[in-house]
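Chain by chain, the residues run as shown.
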Amino acid sequence: MTPSARVQAAIDILDAVIAAARTQGASADRIAADWFRTRRFVGSKDRRAIRDLAWNAIRVCGDVPGNGRAAMLRLAQDDAALASLFDGSNYGPMAIVSGEPVSAGGIAPCWLEERLAGSGLGADEQAALLGRAPLDLRTNTLKTTRDDLRASLPVEAQVTVAPNALRFPSGTAAESWPQFADGLFEIQDTGSQLACLALGVQPGEAVVDLCAGAGGKTLALGAALQNKGKLLACDIDRARLSRLPDRAARAGALSETRLLNPGRELEALSDWAGKADAVMIDAPCSGTGTWRRNPEARWRLDDKVLERYHAMQARVLDIGAALVRPGGRLTYVVCSLLDAEGTDRIDAFLAGNAGWDVTLPTLPAGAPRGQGWRLTPFRDGTDGFFFATIVRRVN
Ligand SMILES: C[S@@+](CC[C@H](N)C(=O)[O-])C[C@H]1O[C@@H](n2cnc3c(N)ncnc32)[C@H](O)[C@@H]1O
């Protein structure tokens, strides 16, 4: 493909991403994957270049752009080489017309930038939300050690502050390595690994991962249990949860999965009521802490969407709390840095439920925020997370 044709391809993908953002349709990742699947003639170098162009354009447009061309023109404003590719050549974008619409820049829609600022995130912190994330993996300590894994890998790795983490440049194809097929590691951000450590799981405990999804955190909890004890992974999403058993088998992690009926979750969990030593609640959230990976997610948010998340967060907290034994604990996690989804949810829970105490984790990164702990891309070099651990009093 010519460089100009790559730009037009990125504009076409952007048009689809923008339409999907307006209608809560497919994610940008999904859209790009579908686009490339139906154009097998596009080689891997072209794919990478097209994707980089589209994602960079998404990053520089704070609010939903009018269309893909206006978004790409925003990127081209600070990049003369890119602007010169608007040359009207075959398969390339039409030449730039003076005065044509260019999307506004920014970190996020204005209302959302205000909420981030109100949640204690200054300009540097906000800008870092849109950086490029490295690729982190978690050594599966059920099968190997971090040092042995590191020595066996084809690419040089850095260690991070999480005890089992290794870090590689963005775009590293770690899932193609044989060590992945052998279950020696999982792809997991350092922040997510630290959030799992906050639950302090010990071998022999009875642990529930209430919002397990496809099991990213479940597998880390299973490794902490050393397969001694009980681990139950639940979710209301059949498709996500159904991916867990194969992953657990590859990792050699013992866990039971249980699909919950939305609105009737506790009926299916009656055997666990008041019995769990530890409950992980990786709650559904806006994902403001993962914009490095999904920058278009900020175009999908509005107050209604946020309110839906708040209701879901309150609900999973109530369900999880009902499972904790006296003296047991619960860690509430969101990959969002908005206080409304983090410390405010814990405040609301504690205001409505007597008999719980907050405990702060001891971790090698992050800092206290309200009733919990916060990790940020700018300060900690991880995805953005808030988590809080609360302990149920014995009487
Ligand atoms: C942030 S995702 C979990 C990601 C997963 N823990 C991981 O580490 O990959 C939140 C999950 O909560 C689930 N969820 C939402 N409401 C729920 C409910 N009432 N009970 C259980 N799971 C729920 C969603 O289906 C979604 O999979």
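Residues numbered from 1 in each chain as written. Predicted model: local features only at pLDDT ≥ 70, side-chain atom pairs only at ≥ 80, totals over all residues.

Named according to an unreviewed UniProt entry, the protein chain is 16S rRNA (Cytosine967-C5)-methyltransferase originating from Novosphingobium hassiacum. On record in UniProt, under Sequence similarities (unreviewed entry), the comment for the protein chain is "Belongs to the class I-like SAM-binding methyltransferase superfamily. RsmB/NOP family." (UniProt positions renumbered as here; feature names shortened; annotations may be inferred.)

Novice: Which parts of the structure should I look at to understand the overall build of the protein chain?
Specialist: Tallying secondary structure elements over the protein chain gives 17 helices and 13 strands in all. Relative to its length of 395 residues, the protein chain is compact, with a C-alpha radius of gyration of 22 Å against a globular reference of 21 Å. Along the longest, intermediate and shortest principal axes, the C-alpha atoms of the protein chain span 75 × 45 × 35 Å. Counting all 395 residues of the protein chain, 44% fall into the buried class. (Helix = DSSP H or I, 4+ residues; strand = E, 2+ residues; numbered from the N terminus. Rg over C-alpha atoms; globule rule 2.2 N^0.38 Å. Buried ≥ 20, exposed ≤ 12 C-beta atoms within 10 Å, placed from the backbone.)

Novice: I would appreciate a short explanation of unusual backbone geometry in the present structure.
Specialist: Most peptide bonds adopt trans geometry, and most residues besides glycine take a negative phi value. The phi angle at Gln24 is positive, at roughly 55°, despite the residue not being glycine. On the secondary structure map, Gln24 appears in the loop between α1 (3–23) and α2 (28–37). Gln24 sits in the exposed class, given 8 other C-beta atoms within 10 Å.

Novice: How do you make sense of the UniProt feature "domain: SAM-dependent MTase RsmB/NOP-type" (unreviewed entry) in the protein chain when you look at a structure like this?
Specialist: UniProt feature "domain: SAM-dependent MTase RsmB/NOP-type" (unreviewed entry): in the numbering of this structure it lies at residues 102–393. Across residues 102–393, helical content stands at 33% and strand content at 22%; the span's end C-alpha atoms are separated by 57 Å.

Novice: Can you walk me through the site of the ligand in this structure?
Specialist: In the region of the ligand, 20 residues are neighbours, and Cys211, Gly213, Gly216, Asp237 and Asp282 sit closest. The set of elements that each furnish at least two residues to the shell around the ligand consists of α11 (216–225), β6 (230–235) and α15 (303–323). For the shell around the ligand, the element with the most residues is α15, which contributes three residues. (Near = placed C-beta within 6 Å.)

Novice: Would you mind going over the environment of Trp272 with me for this structure?
Specialist: As for its placement among the helices and strands, Trp272 is situated in the loop between α14 (265–268) and β8 (276–282). Remark: the alpha-carbon pair of Trp272 and Arg345, spanning 73 residues in sequence, is separated by 24 Å.

Novice: Teacher, can you tell me more about the nonpolar core here?
Specialist: Formed by 75 residues in total, the largest nonpolar core has its most connected members in Val208, Leu221, Val279, Ile281, Tyr332 and Phe387. The dominant element in this core, judged by the number of residues it contributes, is α11, at six residues. Both domain 2 (135–187) and domain 3 (190–392) contribute no fewer than three residues apiece to this core. Once residues within four sequence positions are removed from consideration, Val208 is found in contact with Leu232, Cys234, Trp272, Ala276, Val279 and Leu323. (Core = buried A, V, L, I, M, F, W, Y, C linked by C-beta atoms within 7 Å. Domains from an automatic or database assignment. Contact = placed C-beta atoms within 7 Å.)

Novice: I'm lost on the packing of α15 against helix α16 (residues 343–352) in this one. Help?
Specialist: Any two packed helices are characterised by the angle at which their axes cross and by the distance between the axes. Taken N-terminus to C-terminus, the directions of α15 and α16 make an angle of 50°; their axes are 10 Å apart at the nearest point. Taken as axis vectors, α15 and α16 run oblique relative to one another. Handedness of the α15/α16 crossing: right-handed. Contacts from Gln313, Ala314 and Leu317 of α15 reach α16 at Arg345, Ala348 and Phe349. (Axes fitted to C-alpha atoms, helices over the stretch in contact; angles between N-to-C directions. Parallel < 35°, antiparallel > 145°, perpendicular 65-115°, else oblique. Left-handed = near helix turned anticlockwise from the far one by under 90°.)

Novice: How should α15 be read in this particular structure?
Specialist: Counting along an α-helix, one turn takes 3.6 residues, and residues three or four places apart therefore face a common direction. An ideal rise of 1.5 Å per residue puts 30 Å on 21 residues; α15 measures up with 31 Å between its terminal C-alpha atoms. Listing the buried residues of α15 in full gives Tyr309, Gln313, Val316, Leu317, Gly320, Ala321 and Leu323. All buried residues of α15 project into a common sector of 140° when viewed along the axis, lining one side. Turned more than 90 degrees off the buried face of α15, the exposed positions are Asp303, Lys304, Glu307, Arg308 and Ala311. (Expected span 1.5 Å × (residues − 1). Arc of directions from axis to C-beta.)

Novice: When you look at the UniProt feature "binding site: S-adenosyl-L-methionine" (unreviewed entry) in the protein chain in this model, what are you seeing that I'm missing?
Specialist: Under the local residue numbering, the UniProt record ascribes the feature "binding site: S-adenosyl-L-methionine" (unreviewed entry) to Asp235 and Asp282. These annotated residues cover 48 residues of sequence, but their C-alpha atoms sit close together, with the largest distance between any two at 10.4 Å. The exposure class of Asp235 is buried, given the 24 C-beta atoms found within 10 Å. Setting aside its immediate chain neighbours within four residues, Asp235 contacts Cys211, Ala212, Gly213, Arg240, Leu241, Leu259 and Leu260. By C-beta crowding, Asp282 is classed as buried, having 25 other C-beta atoms within 10 Å.

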